[in-house]
Number of protein chains: 4
Amino acid sequence: MNMNTFGRNFRLTSFGESHGVGIGGVIDGCPSGLDVNFDFLKNEMQRRRPAQSLFTSERTESDEVMFLSGIFEGKTTGNPIAFIIKNENAQSADYENIKTVFRPSHADFTYYKKFGNVDFNGGGRSSARETAVRVVAGTFAKMILRNKGISINAFTSQIGDFKISVSIEEIDFSQIEKSPVRCPQEDVAEKMFVFLQEIKENGDSIGGTVTCIVSGLSAGIGEPIFDKLQARLAYAMMSIPAAHGFDYGAGFEGISQKGSQQNDIFISKNNKIITATNNSGGIQGGISNSMPIYFRVLFKPTSSISIAQQTVDIEGNTTEIKINGRHDICVVPRAVPIVEAMTAISLVDFLLAKN
Amino acid sequence: MNMNTFGRNFRLTSFGESHGVGIGGVIDGCPSGLDVNFDFLKNEMQRRRPAQSLFTSERTESDEVMFLSGIFEGKTTGNPIAFIIKNENAQSADYENIKTVFRPSHADFTYYKKFGNVDFNGGGRSSARETAVRVVAGTFAKMILRNKGISINAFTSQIGDFKISVSIEEIDFSQIEKSPVRCPQEDVAEKMFVFLQEIKENGDSIGGTVTCIVSGLSAGIGEPIFDKLQARLAYAMMSIPAAHGFDYGAGFEGISQKGSQQNDIFISKNNKIITATNNSGGIQGGISNSMPIYFRVLFKPTSSISIAQQTVDIEGNTTEIKINGRHDICVVPRAVPIVEAMTAISLVDFLLAKN
Amino acid sequence: MNMNTFGRNFRLTSFGESHGVGIGGVIDGCPSGLDVNFDFLKNEMQRRRPAQSLFTSERTESDEVMFLSGIFEGKTTGNPIAFIIKNENAQSADYENIKTVFRPSHADFTYYKKFGNVDFNGGGRSSARETAVRVVAGTFAKMILRNKGISINAFTSQIGDFKISVSIEEIDFSQIEKSPVRCPQEDVAEKMFVFLQEIKENGDSIGGTVTCIVSGLSAGIGEPIFDKLQARLAYAMMSIPAAHGFDYGAGFEGISQKGSQQNDIFISKNNKIITATNNSGGIQGGISNSMPIYFRVLFKPTSSISIAQQTVDIEGNTTEIKINGRHDICVVPRAVPIVEAMTAISLVDFLLAKN
Amino acid sequence: MNMNTFGRNFRLTSFGESHGVGIGGVIDGCPSGLDVNFDFLKNEMQRRRPAQSLFTSERTESDEVMFLSGIFEGKTTGNPIAFIIKNENAQSADYENIKTVFRPSHADFTYYKKFGNVDFNGGGRSSARETAVRVVAGTFAKMILRNKGISINAFTSQIGDFKISVSIEEIDFSQIEKSPVRCPQEDVAEKMFVFLQEIKENGDSIGGTVTCIVSGLSAGIGEPIFDKLQARLAYAMMSIPAAHGFDYGAGFEGISQKGSQQNDIFISKNNKIITATNNSGGIQGGISNSMPIYFRVLFKPTSSISIAQQTVDIEGNTTEIKINGRHDICVVPRAVPIVEAMTAISLVDFLLAKN
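Residues numbered from 1 in each chain as written. Chains lettered and ligands numbered in written order. Predicted model: local features only at pLDDT ≥ 70, side-chain atom pairs only at ≥ 80, totals over all residues. Heavy atoms only, no water.

## Considering the overall build of chain A
Item 1. Broken down by element type, chain A carries 8 helices and 18 strands.
Item 2. Computed over its C-alpha atoms, the radius of gyration of chain A comes to 21 Å, within 12% of the 20 Å expected for a compact globule of 355 residues.
Item 3. Taken over the C-alpha atoms alone, chain A extends approximately 70 × 50 × 35 Å along its principal axes.
Item 4. Burial analysis of chain A (355 residues in total) assigns 68% to the buried set.
Item 5. Pairs at least 24 residues apart make up 70% of the contacts formed inside chain A by residues separated by at least 6 positions. (Helix = DSSP H or I, 4+ residues; strand = E, 2+ residues; numbered from the N terminus. Rg over C-alpha atoms; globule rule 2.2 N^0.38 Å. Buried < 20%, exposed > 50% of the residue type's maximum accessible area, 1.4 Å probe, protein only. Contact = heavy atoms within 4.5 Å.)

Right, here's the structure in full:
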C-alpha cells in the first residue's frame, strides 16, 4: 500500500508522476475565508524550483499551480483545494537507459519489489519533483500561521563539513535568500559555494543539514504521549526524499553535555515564564513551551551522480550505470522551502484540533 | 487534546498515571491464535524495569502485567488485549516539594499550560513509567515478528563522548545484556560504566544514543510518499520520553561523505539482489530493501538532577529546586528495550496492512 | 481485524469479555477540567443494566465502574480515562451446552469463521454486555454536551406493531423513565407491556424502534461530503448490537410524501432563521440547521429465544438448541440509553474538531 | 471542517464544484497491476449521468474521466489515481436568482452557517454532481471485487408507494437496466413510470428506496465492535446526497416478526454451513456469514421542485422561490449506481485490511 495523505485535520493528498499529465494535490480541512496570496505562492514555488541555482537539477519547470477547486473570488471556501502542476519538460529519453537497471541508492529496486511494475521508481513518486505539491500545501499552511503571528524560517546549516558557527539566536533570516546555498552566515556560505563547485566538477554529490526555526508558537501545542510535537515534526521531516536524520534543541551536538548544562532554567520576564536557555528547542514533554522551536534535518548526498557505478539490472546481471540526467549536486538548498512547508502543514494540523 | 493511541492496524492505547491505580494499555488488532509467551513478556518487562542497575531510577516496581481481556487459554483471541500494571510504590511524598514549582526541562510547565491542572506533569504521563506499557505491546509485536523470522536488537552505542567503534555488521548481540550499560563492545562498556559512576557522584545526568538493528525484514515494507519506513520509525522513536534525535543508515556521521562514497552498489548474491554496503540503513525510497535496517535514537541527559537549580513556581516567583526523588542518571540503557518495543509495534503495523 | 476504537477526537477504546476479569474502556481526548458527576454516571449505568425490568435479561450485574486513570480530585485531567466493570456473575455453565453449536442469528458462526477460536462469539464481544462501556463514555460526552446546552432524549417508539402516535414535537420526555418499556405515550406503553408479557410466556422475542431527539445543537455541525452528521450517526447506531435500521427526519414513513409536502420552509422567528416544519430532522446537506435532530434506530428481535431451534454444530452436524440462559425478550427499552450514549459520543467528536 | 476522504485502506479523496474547472478525486491504496477496464468505467459513468432518462436532471454532461496519474500502460501502478471530470455545462445563470435566498431543504443555509460563504451550498458540493467522483472510485473497487468473484447489484425497489413484491432471491438482475426506472419487476416498473410522469407534470418530486445485493462475499468480513459491516455500509450510504434511511436484512418491514420467525436456522449444504433463510441480510454480529448481503437505502424526494415555495433570503426577509433549474424528479433510479459504488468502495476497504 501507499500512503499519500498527510495530516489529520489539515490534510494533503498528493498525486502524480514525472511522466503523464503532471503532479498535484488536494488540501482538505483548510478553513474557509482565507485570503489566498497568489504572489506569495508563486514565490514559494520559485524557491523550490529546480534550476534556481547552478547546483541543483537542470530540469526547468515553470511549476505553475493551476487550481481546480476550493477557491472562490480569491478566498478559500472550506471545500477541498485541488491543484495540478503540469509536466512540461518530461524528457523521458534521459531516463531511457536506466529503465531496466536499478540505480544505486535510488528507490528503483524497492518500488519494483513492492509494486512489481516495470515503471519502477513509481514514475518518480520518490523523486524531488513530488515535493512541489508539499510546497503548495505548505504555502496555504503558512498563510494560516501568519494570521496567528507564527513564522517559520529554515536555512542551510551545513554542507559536507562546512557548517554555520553562529548560534540559533544570532541567525539573520534576511540573509538566507541572498545566498545561492541559502546559508545565512556569509563566510560559510562562500565556502559552501566553492565546495559545491568542486563536487560538481567531479560529477559527485554531497549532503548536509537544514535547520528550521519556528517563532511565535504559543505554549501548549503537541499531543502526548504519542503525537508529541517533536514526533510529528520528525515524521514530517523524515517523509521528505533524501532526509536521513532529525534532531531538535541541543540534539546530537549536545551529546557531551550533562543535565546540569543542558537543562533550561525557568525565569520570569515581563510576567511571562520563559527559559533562560533553549536547549529543549522549545519543546518539553512533547508540548511547545512558547520558546522558539528549532530542529535540524539531515539530507544524504544525492544518489544520482554522473560518476560510473556498478549495479545490477532487473534480471540480476551485473552492469554499469552513469546517470547523465538532470540532477542536484546537493539537495540541501532546495530542501529549505520543503522543510518549511512540512513544518507549516504539521503545525496547522495541530492548531486545527481543539485543545 | 492528547493522543494516546499509536498505530493504524496494530493499535496500542495507553493510559495511567503514577498516582492512582496504575498504568496500562489496550492492544487492538493483534491477530488471533498467537501463543502468548508469558516468560518472554516477564523478561522484557524486567529489562525495562527501574532499579535494574545502579544507574537507573531507584524506584522499584515489580511491573507485573495483569491481563484483563483478549487472551483465552494462552492464546490471543483477536479481541482487544487490555492489561494493567498496578502502582505499588508511589511515594508521592518525594514529589511533594516540587508540586508548585516547575522542574527545569521537565513537562511540568507545558502540561500546566496545556491542561491547566495543578496535577501538572499529567500525573507522570510524561515520565519513563509510561513506557512499561509500550514494552508490553512491543512484546506482543515481537512475538508476531519472531514467527516471521524478523528480529530486533538494540543496544547502547554512545554515552556522553564514549561510543562504540565497531561497525554495525560486527556487533555481537549476545554481549548486550551482559553489560550493565547494554553496550556490546566490552572495553567501551567499561568506560561508560566508570563515567556513569562519576556522573552519579556529582548528582548530574548524561545522555547518549541507542542503536537498533532489524534483521530478516523482506523488501517492500514502507508506504510512500508519507508513511515511509523511516518516517514512521522516526515518529515512533521521537515519541519516547527524552528522545531528541533520530538518524538511520550513514546518518549524521556520514555527513562528510560524497554520493560516490555513500551510494550502495547493488550486487547479485545467491540469486538475490542485495547491496554491497548498507549506508542506506536498509531503506531506499521509504521502503525496506531486505538489508538490515539500522538507526540511532538520541536521548538527552535526564532533566532530574540532584544538583540545585534555579526555577520559578506557578506564580512566577524565582525559587530553587533540588530533585531528591528517584531518577535515572542516564536513560540510555533502559531505553534499549523501549526502542525495540516501538520498533516492533511500528513494523507489525506495516505488516498487518496488505501490500 | 477488529476495530474497538470509536471516534477521531473523542475516542473510546473498548475491551473485555463475559468470561475473565471484566469489560472496560479508555476514553481519550476528553477535555481537562470537566467535573465528573458520579451520581449521573451511576444513574446512566442503572438505566442500561440488565434486570431493570421483567422483560430484559435476568443476569444481574452491579455494573460498578472503577476508574483506573484520567480523573484527579473529581475532575478530568486531559489524560486518558480508563475504567473497568468487573464480571461478577459470569455463570458460564448457562452457556456450556451451546459451546459447540452455532446459535441461530448469533455471532457464533461469524466469529468462528473470522477468528478461528473455539471461544466463539468472541467471549461475548458481540453481546449486549459490551454496551455498558459505551454508556460510560456516553456519560462523559453528555456531561460535555450539557455544559453547551445540548440535550439528548431517546425513547421506545415502537415494539412489534405497537407504535407511538404523537408527533416528535409532542413527546413529553419526563414520561420516558416512568414506563417500564420507556415509551412516553402512556396508552401505547401499556399495550407494549401486555404484548411483551405474551411474548415472554411464549419464550419468544420481538424487536422495535428507539427514537432519539437532540435539542440545542447549533447550526454548522457535520463534515461533508463524507462525514455528514447523518452518516456518522448512522455509523454509530448501526454499531450497536441488534441494530438493523436507521432513518432520520420523515424517514421511511414519509416515503409517500412528495417534495412539496416534505420540504421544510425557512422562516424568520425572533431574528433567527428556522424551518416551519422539520421533516429534515434538523440536518440539511449533512450539516445541522439548529432545529432538533431526530432519528430512529431499528432493533431486531433478540436472537436468543427459549423455543427449540434447529442448527448445526462446529462439524456441521444438524442438532437442536434451546437457549435457557438469561436473555432479553426485547432489547428496545434497554437500547434507549445506549442510543443516547452513542449519539453523545458522536456529537462531542464533532464538537471537538475546530470548524 | 469538511471531510472529503473516505476509507482507511482504499481511500477516495473528492474535490470540485459546479462552477470552476470541474470535479475530481484521488484514489489512494488501489493495488498495483490491476487492469483498468475503461469501457466498463464509461458504462458506469453513463449509468449515473444526468439526462439518462426523462425523470432525471436535464443538465447534460459527458462526464468524461481524465486521468492525471496512477495508471501506466493500462494498469494501475500502486500510485494514487487522480482524475478530473471537467465542467462543460455550468449554466450558472440558472442558479443566479437563487443566489441570495435559501432553497427549502437544500444545503444552502447550513453551508452558509458553517462556512460563511456567499458561494453558499459550497458551489454544489452537496449536489448530486459530486457523486460522479464516487462512481469513478467505485468502478475501480468493482474491478477488484470482480477478480475475487464478488458482484454488487442495486435496483429501485420502491418509488412513493409503488414497491416491488418479489423476494430478494427472485430478483432478475438482467432486468434492472432494461427499465428506465431501474426496477427489475416489470409490472411495478411500469406503474412507477406512469407515477413519475404525473409527478413531473405537477412540478413536484418523490422519493423511494434502492435495494442492493452483494453476492460472493466470503464469511469473516467486518470489524467489530465498531466497524461492523452494517455500520460501515450505513455510513457509506448515509453520506450519499438525499439518503435518509438504511436497513438491512428483514429491516423495518420485519418489525412485526418475532425472534422465532426472524432467526436464520443454520444448515449444512454441500459441506458448507449456510442459513436456511436470510433475514440477517448476510451479516451476523457485524461480520459477513457468506450468505448474500442485502440492504435498502431510502432517498427523500428531491428538494428542488418547480412549484413556488416560501422561504427567506440571507437577511431573513420572507420571499418566494420557484426553482427552474435542471433537477431530478426522483433521484432513486440515478442513485442505483452510486449505491453500488459506495458499497464496492466499502467492501474493498475491508478486503485490503488483513484479517
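Additional details are given in the paragraphs that follow.
## What to know about the pattern of salt bridges
Item 1. In the structure shown here, the tally under the stated rule is 80 salt bridges over all chains.
Item 2. Among the salt bridges present, the one from Glu-44 of chain B reaches Lys-142 of chain B, with a minimum N-O distance of 2.6 Å. One end of the pair, Glu-44 of chain B, is in helix H1 (residues 38-48); the other, Lys-142 of chain B, is in helix H4 (residues 131-146), and 98 residues separate them in sequence.
Item 3. Residue Lys-142 of chain B is classed as buried on the basis of its relative accessible area of 9%.
Item 4. With a closest N to O distance of 2.9 Å, Asp-328 of chain C and Arg-334 of chain C form a salt bridge.
Item 5. Residue classification places Arg-334 of chain C among the buried positions, given a relative accessible area of 5%.
Item 6. Through salt bridges with shared partners, a single network forms among Glu-44, Arg-47, Lys-142, Glu-177, Arg-182 and Glu-340 of chain A. (Salt bridge = Lys/Arg side-chain N within 4 Å of Asp/Glu carboxyl O.)

## Section: the interface of chain B and chain A
Reports often express the size of an interface as the amount of accessible area lost when the parts come together.
Item 1. On the chain A side, the residues contacting the 97 residues of chain B number 97 residues.
Item 2. Summed over both sides, the interface between chain B and chain A buries roughly 8000 Å², with carbon and sulfur atoms accounting for 62% of that surface.
Item 3. At the boundary of chain B and chain A, one finds 0 salt bridges. (Buried area = accessible area lost by both parts, 1.4 Å probe.)

## Focus: the relation of the copies chain B and chain A
Item 1. Once chain B has been moved 0.0 Å along the axis and rotated by 180°, it coincides with chain A to within an RMSD of 0.0 Å. Such a combination of rotation and displacement between the chain copies is what one expects of a two-fold axis.
Item 2. By residue overlap, the copies meet face to face through one surface: 100% of the interface positions of chain B are interface positions in chain A. (Least-squares fit on C-alpha atoms with pLDDT ≥ 70 in both.)

## Focus: the packing of aromatic side chains
Aromatic rings in a pair are described by how distant their centres are and how their planes are angled relative to each other.
Item 1. Throughout the structure, instances matching the rule amount to 52 aromatic pairs over all chains.
Item 2. In this structure an aromatic cluster arises from ring pairing among Phe-6, Phe-226 and Tyr-235 of chain A together with Phe-6, Phe-226 and Tyr-235 of chain B.
Item 3. A cation sits over an aromatic face here: Arg-146 of chain C above Phe-40 of chain C, 3.9 Å from the ring centre.
Item 4. We note Arg-232 of chain D situated over the ring of Phe-350 of chain D; from NZ or CZ to the ring centre the distance is 5.0 Å. (Phe/Tyr/Trp six-rings, centres within 6.5 Å; stacked < 30°, edge-to-face > 60°. Lys NZ or Arg CZ within 6 Å of the ring centre and 35° of its normal.)

## Regarding helix H1 (residues 38-48) of chain A
Residue and element names in this part refer to chain A.
Item 1. When we look at burial in H1, the residues that qualify are Phe-40, Leu-41, Glu-44, Met-45, Arg-47 and Arg-48. In an axial view of H1, the angular spread of the buried residues amounts to 155°, which keeps them on one side of the axis. Away from the buried face of H1 by more than 90 degrees, exposed residues Asp-39 and Lys-42 are located.
Item 2. Of the surrounding elements, those touching the buried residues of H1 are strand E4 (66-67), strand E7 (81-86), helix H4 (131-146) and helix H8 (332-351).
Item 3. For H1, the side-chain oxygen to backbone nitrogen distance between the N-cap and Asp-39 is 3.3 Å, and the N-cap itself is Asn-37. (Arc of directions from axis to C-beta. Polar contact = N/O pair within 3.5 Å; in protein donor to acceptor, adjacent residues only side chain to side chain.)

## Some remarks on the sheet that holds strand E9 (residues 162-163) of chain C
Item 1. Pairing in this open sheet of 10 strands is antiparallel, and the strands run E9(C)-E8(C)-E10(C)-E16(C)-E11(C)-E11(D)-E16(D)-E10(D)-E8(D)-E9(D) from one edge to the other. The two strands at the open ends of the sheet, each matched to only one other strand, are E9 of chain C together with strand E9 (162-163) of chain D.
Item 2. Relative to strand E16 (residues 293-299) of chain D, strand E11 (residues 243-248) of chain D runs antiparallel, the two being bridged by 5 bridges. Residue pairing in the sheet places Tyr-248 of chain D in a bridge with Phe-295 of chain D of E16 of chain D.
Item 3. Against the sheet, helix H6 (residues 229-238) of chain D engages strand E11 (243-248) of chain C together with E11 and E16 of chain D, with an angle of about 160° to E11 of chain D.
Item 4. The strands touched by helix H8 (residues 332-351) of chain D within the sheet are strand E8 (151-159), strand E10 (208-215) and E16 of chain D, with E8 of chain D carrying the most contacts at an inclination of about 145°. (Pairing = 2+ DSSP bridges. Axes fitted to C-alpha atoms, helices over the stretch in contact; angles between N-to-C directions.)

## What about the environment of Phe-155 of chain C?
Item 1. You can see Phe-155 of chain C is positioned in strand E8 (residues 151-159).
Item 2. Separated by 18 residues in the primary sequence, Phe-155 of chain C and Phe-173 of chain C place their C-alpha atoms 8.3 Å from one another.

## Observations regarding helix H3 (residues 108-115) of chain D
Item 1. A large share of H3 of chain D lies buried, amounting to 6 of its 8 residues.
Item 2. Contacts made by the buried residues of H3 of chain D are with strand E12 (266-269), strand E13 (272-275), strand E14 (283-284) and strand E15 (287-288) of chain C.

## Brief notes about the packing of helix H1 (residues 38-48) of chain D against H8 of chain D
Residues and elements named next belong to chain D.
Item 1. Remark: H1 packs on H8, axes separated minimally by 7 Å, with the N-to-C direction vectors making an angle of 135°. In terms of orientation, H1 lies oblique with respect to H8. Of the residues in H8, those touching H1 at Glu-44, Arg-47 and Arg-48 are Arg-334, Val-336, Pro-337, Ile-338 and Glu-340.
Item 2. Broken down by class, the residue content of the contact of H1 with H8 amounts to 3 nonpolar, no polar and 5 charged. (Parallel < 35°, antiparallel > 145°, perpendicular 65-115°, else oblique. Nonpolar A, V, L, I, M, F, W, Y, C, P; charged D, E, K, R; others polar.)

## Quick look at the packing of helix H6 (residues 229-238) of chain A against helix H6 (residues 229-238) of chain B
Geometrically, a packed helix pair is captured by the angle between its two axes and the distance between the axes.
Item 1. Interaxial distance between H6 of chain A and H6 of chain B falls to 8 Å at its minimum, and their mutual angle equals 165°. Judged by the angle between their axes, H6 of chain A and H6 of chain B are roughly antiparallel. For the pair H6 of chain A and H6 of chain B, the sense of crossing is right-handed. The segment H6 of chain A lies against H6 of chain B, with Gln-230, Ala-231, Arg-232, Ala-234, Tyr-235 and Met-238 of chain A engaging Gln-230, Ala-231, Arg-232, Ala-234, Tyr-235 and Met-238 of chain B.
Item 2. Counted by class, the contact of H6 of chain A with H6 of chain B contains 8 nonpolar, 2 polar and 2 charged residues. (Left-handed = near helix turned anticlockwise from the far one by under 90°.)

## With respect to unusual backbone geometry
Item 1. For the bond from Pro-224 of chain B to Ile-225 of chain B, the omega torsion is 5°, close enough to zero to count as cis.
Item 2. Tracing the chain through its elements places Ile-225 of chain B in the loop between strand E10 (208-215) and H6.
Item 3. The backbone of Arg-182 of chain A shows a phi angle near 60°, a positive value even though the residue is not glycine.
Item 4. Mapped onto the elements, Arg-182 of chain A comes out in the loop between strand E9 (162-163) and helix H5 (186-201).

## Description of the environment of Arg-129 of chain A
Item 1. Within the secondary structure, Arg-129 of chain A is located in the loop between helix H3 (108-115) and H4.
Item 2. In this structure the side chain of Arg-129 of chain A is engaged in a polar contact, spanning 3.2 Å, whose partner is the side chain of Asp-63 of chain A.

## Some remarks on the pairing of strand E3 (residues 22-28) of chain C
Residues and elements named next belong to chain C.
Item 1. Of all the 7 residues making up E3, 7 are buried; the element is thus mostly covered by neighbouring parts of the structure.
Item 2. Where burial is concerned, the two faces of E3 agree: the one with Gly-22, Gly-24, Val-26 and Asp-28 and the one with Ile-23, Gly-25 and Ile-27 are both buried.
Item 3. Here strand E2 (residues 11-16) runs beside E3; their pairing, made up of 6 bridges, is antiparallel. Note on E3: the bridge partner recorded for Gly-16 is Ile-23.
Item 4. Hairpin geometry of E2 and E3 is characterised by an intervening segment of 5 residues between the two adjacent antiparallel strands and by a positive phi of about 80° at Gly-20.
Item 5. Bridge count for E3 against strand E7 (residues 81-86) is 6 bridges, and the pairing is antiparallel. Along E7, the bridge assignment pairs Gly-22 with Lys-86.

## Digging into the sheet that holds strand E1 (residues 5-6) of chain C
Residue and element names in this part refer to chain C.
Item 1. If you walk across this open sheet you meet the 5 strands as E1-E2-E3-E7-E4, and the pairing is antiparallel. Strands at the two margins of the open sheet, each flanked by one partner only, are E1 and strand E4 (65-67).
Item 2. Strand contacts of helix H4 (residues 131-146): E2, E3, E4 and E7, with the helix running at about 30° to E3, the strand carrying the most contacts.

## What about the environment of Ile-150 of chain D?
Item 1. Structurally, Ile-150 of chain D can be placed in the loop between helix H4 (131-146) and E8.
Item 2. Measuring from C-alpha to C-alpha, the distance between Ile-150 of chain D and Gln-185 of chain D comes to 23 Å, with 35 residues separating the pair along the chain.

## Notes on the side chain of Thr-76 of chain B
Item 1. Relative to the helices and strands, Thr-76 of chain B resides in strand E6 (residues 75-76).
Item 2. Here the side chain of Thr-76 of chain B touches Leu-34 of chain B through a polar contact of 2.9 Å, landing on its backbone nitrogen.
Item 3. Apart from residues lying up to four places away in sequence, Thr-76 of chain B is in contact with Cys-30, Pro-31, Ser-32, Gly-33, Leu-34, Val-36, Gly-70, Ile-71, Ile-81 and Phe-140 of chain B together with Asn-117 of chain C.

## Thoughts on the pairing of strand E17 (residues 309-312) of chain C
Residues and elements named next belong to chain C.
Item 1. Sheet topology note: the E17/strand E18 (residues 318-321) ladder contains 4 bridges and is antiparallel. The residue of E18 that forms the bridge with Gln-309 is Ile-321.
Item 2. Joining the antiparallel neighbours E17 and E18 is a turn of 5 residues, in which Gly-316 adopts a positive phi near 90°.

## A short note on the state of the cysteines
Residue and element names in this part refer to chain A.
Item 1. Under the criterion given, the structure shown has 0 disulfides over all chains.
Item 2. No disulfide involves Cys-183; its sulfur sits 12 Å from that of Cys-330, the nearest cysteine.
Item 3. On the basis of relative accessible area, Cys-183 is assigned to the buried category, the value being 2%. (Disulfide = S-S within 2.5 Å.)

## Points about the confidence of the model for chain A
Fine structural detail should not be taken from predicted coordinates in areas where pLDDT scores are low.
Item 1. Summary statistics for chain A give a mean pLDDT of 92 and a share of 91% for residues scoring 70 or more.
Item 2. Predicted complex metrics record ipTM = 0.96 and pTM = 0.96. (pLDDT = per-residue confidence, 0-100.)

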